[in-house]
Amino acid sequence: MQPQKTWSKTTEPTSYDQIYKYVEYVLNECSTSINELENDYYQGVSASLNITSKIHSIKRSLPVNTLLSWSHSLNILRNARSLSDIRNGKTIRDLLAEVRTGTLIGPVPDESCFLMQRILDKTNEQLYSKIPVLANKITDCMSLMEQYFLSFYNIENIQDIIQKKKKEKSPDEYIETAYSYEKARWLHLFQVNKSLKLVREMQQRVEDTKGIVLSSLSQECQELAVRCDCTSLSYIFALPECYTEARRAIIALQTWLIEDTKYTSFIQTSLKVLDEKYIEAKKIFELGKAHLSQAEHRADSFRIQLNKAEQENEINEKKLEELEERLNTKERDYLSKRLTFEVYEDQLKKMLKAAEDKNDDIDNHLSIERFQQEVKQFLKELPKLKSQMDALQGRIEFLKQRKQELLTMRTEYRKLNHDVQLALEDKILKENEFDRVTNCRQVIRNIYKCRATDDLPQKIFYALPVKSKNSGEDYNDDLSKAMRLTSKYIGRDWSRLYWQLPFYPLRGKEEVSKDINYIDDKYHRGDVYRDQATDVLNKWRRFHTRAKLEDLIQALRYIHRFDIIQIIDRCILKPKRLLHKEQEEIDPRKKEIEDLNRKLNRLFEKIHTGAIKTHDTS
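Residues numbered from 1 in each chain as written. Predicted model: local features only at pLDDT ≥ 70, side-chain atom pairs only at ≥ 80, totals over all residues. Heavy atoms only, no water.

Participant: Would you explain the overall build of the protein in this entry?
Facilitator: Each helix and strand counted, the protein has 17 helices and zero strands in total. For the protein, buried positions account for 38% of its 618 residues. Summarising the internal contacts of the protein: among those between residues at least 6 apart in sequence, 77% fall at separations of at least 24. If you sum the accessible surface of the protein, you get close to 38200 Å²; carbon and sulfur atoms cover 51% of it. (Helix = DSSP H or I, 4+ residues; strand = E, 2+ residues; numbered from the N terminus. Buried < 20%, exposed > 50% of the residue type's maximum accessible area, 1.4 Å probe, protein only. Contact = heavy atoms within 4.5 Å. Areas by Shrake-Rupley, 256 points an atom, 1.4 Å probe, with all protein chains shown as cover.)

Participant: Can you walk me through the pattern of salt bridges in this structure?
Facilitator: Where side chains of opposite charge bring their charged atoms close, a pairing between them can arise. In this structure the tally under the stated criterion is 37 salt bridges. With a closest N to O distance of 2.7 Å, D172 and R436 form a salt bridge. Of the two residues, D172 sits in the loop between helix 5 (158-162) and helix 6 (176-205) while R436 sits in helix 9 (residues 362-451), which places them 264 residues apart along the sequence. A single network of salt bridges, built from pairs that share partners, joins D40, K122, E125 and K130. (Salt bridge = Lys/Arg side-chain N within 4 Å of Asp/Glu carboxyl O.)

Participant: How should the packing of helix 13 (residues 509-522) against helix 14 (residues 528-543) be read in this particular structure?
Facilitator: Between two packed helices, both the angle of their axes relative to each other and the distance between the axes serve to describe the pair. Contact geometry of helix 13 with helix 14 gives a least axis separation of 10 Å together with a crossing angle of 150°. In this structure, helix 13 crosses over helix 14, and the sense of that crossing is right-handed. Counting all contacts with helix 13, which are made through D515, I519, D520 and K522, the residues of helix 14 involved are Q532, D535, V536, K539 and F543. For the contact of helix 13 with helix 14, the per-class residue count stands at three nonpolar, one polar and five charged. (Axes fitted to C-alpha atoms, helices over the stretch in contact; angles between N-to-C directions. Left-handed = near helix turned anticlockwise from the far one by under 90°. Nonpolar A, V, L, I, M, F, W, Y, C, P; charged D, E, K, R; others polar.)

Participant: In this structure, what is going on with helix 14? I would like to understand it.
Facilitator: Quick reminder: α-helices carry 3.6 residues per turn. Residues three or four places apart thus point the same way. With 16 residues, helix 14 extends 22 Å from end C-alpha to end C-alpha; this agrees with the ideal 22 Å at 1.5 Å per step. What helix 14 keeps buried is the set V528, Q532, A533, D535, V536, L537, K539, W540, R542 and F543. Looking at the buried residues of helix 14, the elements they touch are helix 10 (456-461), helix 11 (478-489), helix 12 (494-500), helix 13 and helix 15 (549-558). (Expected span 1.5 Å × (residues − 1).)

Participant: For this particular structure, what's the right way to read unusual backbone geometry?
Facilitator: Even without a glycine there, the phi angle at S82 is positive, about 60°. When you line up the elements, S82 lands in the loop between helix 2 (61-80) and helix 3 (89-101). Residue classification places S82 among the exposed residues on the basis of a relative accessible area of 66%.

Participant: What should I look at first to understand the side chain of D515 in this one?
Facilitator: With respect to the helices and strands, the residue D515 is situated in helix 13. Exposure remark for D515: the relative accessible area of 8% places this residue in the buried category. Residues within four places of D515 in sequence aside, it is in contact with Y498, R507, K539 and F543.

Participant: Any chance you could explain empty space enclosed by the protein here in plain terms?
Facilitator: Leftover empty space is mapped by rolling, across the atoms, a probe with the size of a water molecule. Inspection of every chain in the model, using the stated rule, returns one cavity of 30 Å³ or more. Here the largest cavity is characterised by a volume of approximately 30 Å³. Every residue lining the largest cavity is listed: N313, N316, E317, L320, L399 and K403. Secondary-structure elements contributing two or more residues to the lining of the largest cavity are helix 8 (238-357) and helix 9. (1 Å grid on protein atoms, 1.4 Å probe; cavity = no way out; pocket = protein on both sides within 12 Å on 5 of 7 lines; lining within 4 Å. Points joined across faces, edges and corners; volume = space filled by probe spheres on them.)

Participant: Any chance you could explain the packing of helix 4 (residues 110-148) against helix 6 here in plain terms?
Facilitator: At a minimum axis distance of 10 Å, the contact between helix 4 and helix 6 shows a crossing angle of 165°. With respect to each other, helix 4 and helix 6 are oriented roughly antiparallel. As for the relative orientation of helix 4 and helix 6, their crossing is left-handed in sense. Residues L127, Y128, I131, P132, A135, N136, I138, T139, M142 and E146 of helix 4 form the contact with helix 6, whose participating residues are R185, L189, V192, N193, L196, V199, R200, M202 and Q203. The residue makeup of the contact of helix 4 with helix 6, split by class, is 12 nonpolar, four polar and three charged. (Parallel < 35°, antiparallel > 145°, perpendicular 65-115°, else oblique.)

Participant: Is there a simple way to think about the packing of aromatic side chains in this case?
Facilitator: What describes a pair of aromatic rings is the distance from one ring centre to the other and the angle between the planes of the rings. Under the criterion given, the structure shown has 13 aromatic pairs. Between F341 and F378 the ring centres are 6.3 Å apart and the planes differ by 70°, which places this aromatic pair in the edge-to-face class. Remark: F378 occurs in helix 9 and F341 occurs in helix 8; sequence separation between them is 37 residues. Since its relative accessible area comes to 9%, F378 is described here as buried. Taken together, the ring pairs in this structure connect Y16, Y20, F149 and W256 into an aromatic cluster. The side chain of R441 reaches across the aromatic face of Y278, ending 4.1 Å from its centre. (Phe/Tyr/Trp six-rings, centres within 6.5 Å; stacked < 30°, edge-to-face > 60°. Lys NZ or Arg CZ within 6 Å of the ring centre and 35° of its normal.)

Structural data, given as structure tokens:
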């Protein structure tokens, strides 16, 4: 038993389930029609001629057995005229005419002629009456699905990609669900249009001079022809080819229907995955930013220390030169005195030894005393010079050590800068990944919001812009404010108001009555009238594509609710008038300037068109 239709595309849909059931019903009807046409072609022709065949219950048994029963009779008729193939209707009509005039070579059974005539008649009957109806029905169903089954994701140059005119770019893995559905959607449309084109062209092909070439038919028909020994009877596969292509179109649409029913849940799953990825990517990105901030802080702190060390080094370089020069001077002085001390000491020893051997005179004694004094003086000065040299050497070593520390700091600073660069690159990579996840998440979120919108079928039906409302967003235009005020004060007159509101596209009395009854039964608790009025005004705004404040005020005027009109005027319209008046008072010459500009513009237009000619003035 066929399911009862609950919706037709000429009335407003209330849900996607309603559309799904309707599409499923239409596709099942089309499949049934194909089966009936096929049975009519095979069994109708055979039954009219009392051709019996064993028909099995397995799939495809009817075409195979019927064609096997036809092949012998038809091939006899073909061979009688020595035809290589029967491809078009003209060949069949000429052949039958020759049979009637008796110009064929050899006897031809009447059964063959009657069979060929019945095939010709049945083919023309279906191709010119029933097949176009079926094709139009499939086309209407495809158009309906194209209208309602939307992915809300755009693939650039998708038609060229489907036809392999342009190379396909791999999609982002996070939006692969939306990409795959949109691509599959176009593939289904392409397949259905291709199949329907072949079905519609069959009328012309069966009458063309070239006729139907078996190699140009589908693989199924070619295999059927070989199996049934009908490879030279291409014409009889005109209708089977139509059945095959029509079935392909229906299978494509059924596949599309199944995919669309699952698309929203798949998008919701993708959104959950992306929400988790977003949290993870954000955490990794924040860690990357923190790591970069720490590396930059360490580098900045170290740079301050390095700058101080560089400044200190500039001073130390001058000190080092001065100390090295002083040390060289001290070393030369120390070496000179040390040599002199050693000479004096050696000479003193010789003089003392000579004095022990013989008695010297007074002059020799004085010389010994002088040398002894000099040696004593050197013994005092040399340790002091040595101490000064050691002090200078210590200071020089300290300055050299500081310089070496500076070189180490420079190396460390270069390493820190390298760490900062690595941290920056890592942060950029993590930021790019975070931006990628964020963008993909926003795309999938927008798709889900559009697909999950309760009134999506109605918006599509009325060709309204499909745009879901973000959480926390509220309409704050003049019409929305007036609707809230009306809902607050309208009371039980909400139904009378709804009857007076205009609709574009036009909405019949039956639909308006159903809306009122539905809302009346919906609310039973709380501020019932206010809730009912809010619901009915929202419905009006959704269905009336040209809704504006003047429409609401006019409807209130029709039901004599001037009190609400005064409230709207006091709360909404009057403040706008005052604001406009204040703006005019701010620039009192504004109107005068605008008038002058209009006059100048008209003058320039007349000069440009040649209506007024300008003259040079000297």
